[in-house]
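Each chain, written out:
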Amino acid sequence: MTDNSTMHHVTASDARAYIERVLLGNGVPKDNAIIVAKCLVEADLRGVDTHGMNRIPSYMARIREGVLDPKASPTLRRITPAVAQVDGHNGFGFLAAHMGMAAAIDMAKEIGIGMASVKHSNHFGMAAWVVQQALDAGMMSLVFTNSSPALPVWGGKSKLMGTSPIACGAPAGKSGRPFIMDMAPSVAARGKIYKALRRGEKIPEDWALDKDGNRTDDPAKALEGVLLPMGGPKGSAIAIMMDVFSGVLSGSAFAGHVTNPYDPSKPADAGHFLVTIKPDLFMSVDDFKERMDYLYHRVVGSDKMSGIDRIYFPGEIEDLHKEKRLKDGIPLVDAEIEALNKEATRVGAASLTTSLPPLKSHL
Ligand SMILES: NC(=O)c1ccc[n+]([C@@H]2O[C@H](COP(=O)([O-])OP(=O)(O)OC[C@H]3O[C@@H](n4cnc5c(N)ncnc54)[C@H](O)[C@@H]3O)[C@@H](O)[C@H]2O)c1
């Protein structure tokens, strides 16, 4: 029997090497496999386990069903000095978003701001890796995507909008903590429900309704029903905003027509919207960073409500996960390792190396 109370730990480089092997075995060109592996493992490192290497089985299923093209590389067209359009050609969303963000960064370096609209793409996982790509170039960013129906709009009862994350970032001051906001407009991301299902756990009752419209703590029933938007009409409006900017504007699917990454019946046709801004447009970069530092300390130094030990800056909890996981490795339970190794076996690739000793864990 699978023992899901034992945590194995995998180093980031072993995780990337495993993903690259499986992708190569499925026909993904080497350079593209390196980008996808880096983006997925960034999610694992940041503690966003729902959007990391555990997605490999569902992505490989899409390749096998012929609805995601493993060999496709995105193409870029410059529209104006500040605007580019990327066509993902139904390849990995990671590649299309990576190309769009690289172009937006180049444009922002030249003229202060850059925007890339991405069409015919796929799920790009955790939005924060795109924000991090901009941060690595010293840039502020906005990162939007649309996604498959999971949420009712406010007042509705059937899924129509996605749990499309809204993300943005700004470089850090001396604190070393950049601003990284990355959030789905649902009470919880759907990936968290899949993770609970994989791990045999219950979910909080305010996350989702079952197919009959009742609150449920059973992840399987929640996946048959709908997720609840955060803040009622406000979360619903943000989900629609993601669709306007990522779907309507780009020429990709929209209005409930993006395909779920776990549905291998047809291409996803997701769209993304990426904006990059140079932080020293109105002052020196040092002044900007000093102001970010002041903001950081004002935020984390706020008076705490009762029961709270520490106040975090957006993205800080995930940064702390990354620091720990770079040292201790990425935790995975047996069932997750088995599912990953099944993908390696299918293409004759070596299994995932769990080079760090298993620990008994309180999951
Ligand atoms: N590609 C897609 O279609 C898709 C769809 C849904 C979600 N996702 C991804 O799922 C991930 C999880 O989304 P989520 O909405 O569940 O995120 P979350 O609720 O875990 O975090 C949302 C934001 O709140 C901040 N935060 C969380 N707890 C905090 C605290 N105690 N103090 C201060 N800040 C705090 C985080 O840093 C983050 O910026 C994201 O990475 C998102 O990109 C992707």
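- Named according to an unreviewed UniProt entry, the chain is Malate/L-lactate dehydrogenase originating from Neocucurbitaria cava.
- In its Sequence similarities (unreviewed entry) section, the UniProt entry covering the chain states "Belongs to the LDH2/MDH2 oxidoreductase family."

### A look at the overall build of the chain
Okay, step 1: Broken down by element type, the chain carries 11 helices and 12 strands.
Okay, step 2: In terms of its C-alpha atoms, the chain occupies a principal-axis envelope of roughly 60 × 50 × 50 Å.
Okay, step 3: Within the chain, the fraction of its 363 residues that count as buried is 52%.
Okay, step 4: For the chain, the share of sequence-separated contacts (at least 6 apart) that also reach a separation of at least 24 residues comes to 67%.
Okay, step 5: When the accessible surface of the chain is summed, it comes to about 16,200 Å², and 57% of that surface belongs to carbon and sulfur atoms.
Okay, step 6: Of the side-chain charges in the chain, 41 are positive and 41 negative, and the distance between the mean point of each set is 1 Å.

### Some thoughts on the domain arrangement of the chain
Interface size is commonly expressed as the accessible area that is lost once the parts come together.
Okay, step 1: By the assigned domains, the chain splits into domain 1 (1-64 + 329-363), domain 2 (73-186 + 230-318) and domain 3 (187-228).
Okay, step 2: Each partner contributes to the interface: domain 2 provides 16 residues, whereas domain 3 provides 10 residues.
Okay, step 3: Here domain 2 meets domain 3 over a buried area of about 900 Å², counting both sides, of which 52% is carbon and sulfur.
Okay, step 4: Remark: the boundary between domain 2 and domain 3 carries zero salt bridges.
Okay, step 5: If you look at where domain 2 meets domain 3, you find two residue pairs in polar contact (both at pLDDT 80 or more).

### Quick look at a nonpolar patch on the surface
Okay, step 1: Together, I240, V244, F245, V248, L249 and F254 make up an exposed nonpolar region whose accessible area comes to about 490 Å².
Okay, step 2: Along the polypeptide, F245 turns up in helix α8 (residues 233-248).
Okay, step 3: A relative accessible area of 33% means that F245 is categorised as partly exposed.

### Describing helix α11 (residues 334-346)
Okay, step 1: For α11, which comprises 13 residues, the first-to-last C-alpha distance of 18 Å matches the rise-based estimate of 18 Å (1.5 Å per residue) to within 8%.
Okay, step 2: All of the buried residues along α11 are D334, E336, I337, L340, N341, E343 and A344.
Okay, step 3: Backbone geometry just downstream of α11 places G348 in the positive-phi region, at approximately 70°.

### Describing the site of the ligand
Okay, step 1: As a structural note, the neighbourhood of the ligand is formed by 22 residues, with T163, D182, A184, G315 and E318 the closest of them.
Okay, step 2: A distance of 2.8 Å separates a nitrogen atom of the ligand from a polar backbone atom of G125.
Okay, step 3: Coverage of the ligand by the protein chains reaches 77% of its 860 Å² of free accessible surface.
Okay, step 4: Breaking the shell around the ligand down by element, the ones donating at least two residues are β7 (179-183) and α10 (316-328).
Okay, step 5: Top element by residues in the shell around the ligand is β7. It accounts for four residues.
Okay, step 6: For the shell around the ligand, the residue count by class is 13 nonpolar, six polar and three charged.

### Let's talk about unusual backbone geometry
Okay, step 1: Unlike most non-glycine residues, N90 shows phi in positive territory, near 60°.
Okay, step 2: Inspection of the secondary structure puts N90 in the loop between β3 (83-87) and α4 (93-111).
Okay, step 3: Its relative accessible area of 17% is what places N90 among the buried residues.
Okay, step 4: At A255, a residue that is not glycine, the phi angle is positive and equals roughly 55°.
Okay, step 5: Along the chain, A255 turns up in the loop between α8 and β10 (270-277).

### Some remarks on the side chain of R177
Okay, step 1: Tracing the chain through its elements places R177 in the loop between β6 (166-170) and β7.
Okay, step 2: The buried category is assigned to R177, whose relative accessible area is 13%.
Okay, step 3: At 2.9 Å, the side chain of R177 and the side chain of E323 are in polar contact.
Okay, step 4: Filtering out sequence-adjacent residues up to four positions away, R177 remains in contact with A172, Y296, F313, E316, D319, L320 and E323.

### Considering the nonpolar core
Okay, step 1: Membership of the largest hydrophobic core comes to 54 residues, with the highest contact counts inside it found for I19, L23, I56, F92 and V143.
Okay, step 2: Where this core is concerned, the elements lending two or more residues are α1 (12-25), α2 (30-45), α3 (56-64), α4, β4 (113-121), α5 (128-136), β11 (330-333) and α11.
Okay, step 3: Both domains that furnish three or more residues to this core are identified here as domain 1 (1-64 + 329-363) and domain 2 (73-186 + 230-318).
Okay, step 4: In this view, V143 contacts M101, F124, A127, V130, V131, P165, I166, A167, F273 and L274; residues no more than four positions away in its chain are not counted.
Okay, step 5: With 12 residues, the next largest nonpolar core counts L151, M161, I203 and A222 among its residues.

### Here we look at the packing of aromatic side chains
Think of a pair of aromatic rings as described by two things: how far the centres are apart, and how the planes are tilted against each other in angle.
Okay, step 1: For the structure on display, the rule yields nine aromatic pairs.
Okay, step 2: Ring centres of F179 and F313 lie 5.9 Å apart, and the angle between their planes is 70°; this geometry places the pair in the edge-to-face category. Of the two residues, F179 is situated in strand β7 and F313 in the loop between α9 (285-300) and α10; the sequence distance between them amounts to 134 residues.
Okay, step 3: Exposure remark for F179: the relative accessible area of 21% places this residue in the partly exposed category.
Okay, step 4: You can call F313 buried: its relative accessible area is 4%.
Okay, step 5: Each member of the aromatic cluster is reached from another via a ring pair, and the members are Y59, F92, F94, F124 and W129.

Criteria and cut-off values
- Residues numbered from 1 in each chain as written.
- Predicted model: local features only at pLDDT ≥ 70, side-chain atom pairs only at ≥ 80, totals over all residues.
- Heavy atoms only, no water.
- UniProt positions renumbered as here; feature names shortened; annotations may be inferred.
- Helix = DSSP H or I, 4+ residues; strand = E, 2+ residues; numbered from the N terminus.
- Buried < 20%, exposed > 50% of the residue type's maximum accessible area, 1.4 Å probe, protein only.
- Contact = heavy atoms within 4.5 Å.
- Areas by Shrake-Rupley, 256 points an atom, 1.4 Å probe, with all protein chains shown as cover.
- Lys, Arg positive; Asp, Glu negative; His and termini not counted.
- Charge placed at Lys NZ, Arg CZ, Asp CG, Glu CD.
- Domains from an automatic or database assignment.
- Buried area = accessible area lost by both parts, 1.4 Å probe.
- Salt bridge = Lys/Arg side-chain N within 4 Å of Asp/Glu carboxyl O.
- Polar contact = N/O pair within 3.5 Å; in protein donor to acceptor, adjacent residues only side chain to side chain.
- Patch = residues over 30% accessible without salt bridge, like charges linked within 9 Å, V, L, I, M, F, W, Y side chains within 5 Å.
- Expected span 1.5 Å × (residues − 1).
- Near = heavy atom within 4 Å.
- Nonpolar A, V, L, I, M, F, W, Y, C, P; charged D, E, K, R; others polar.
- Core = buried A, V, L, I, M, F, W, Y, C linked by side-chain atoms within 4.5 Å.
- Phe/Tyr/Trp six-rings, centres within 6.5 Å; stacked < 30°, edge-to-face > 60°.

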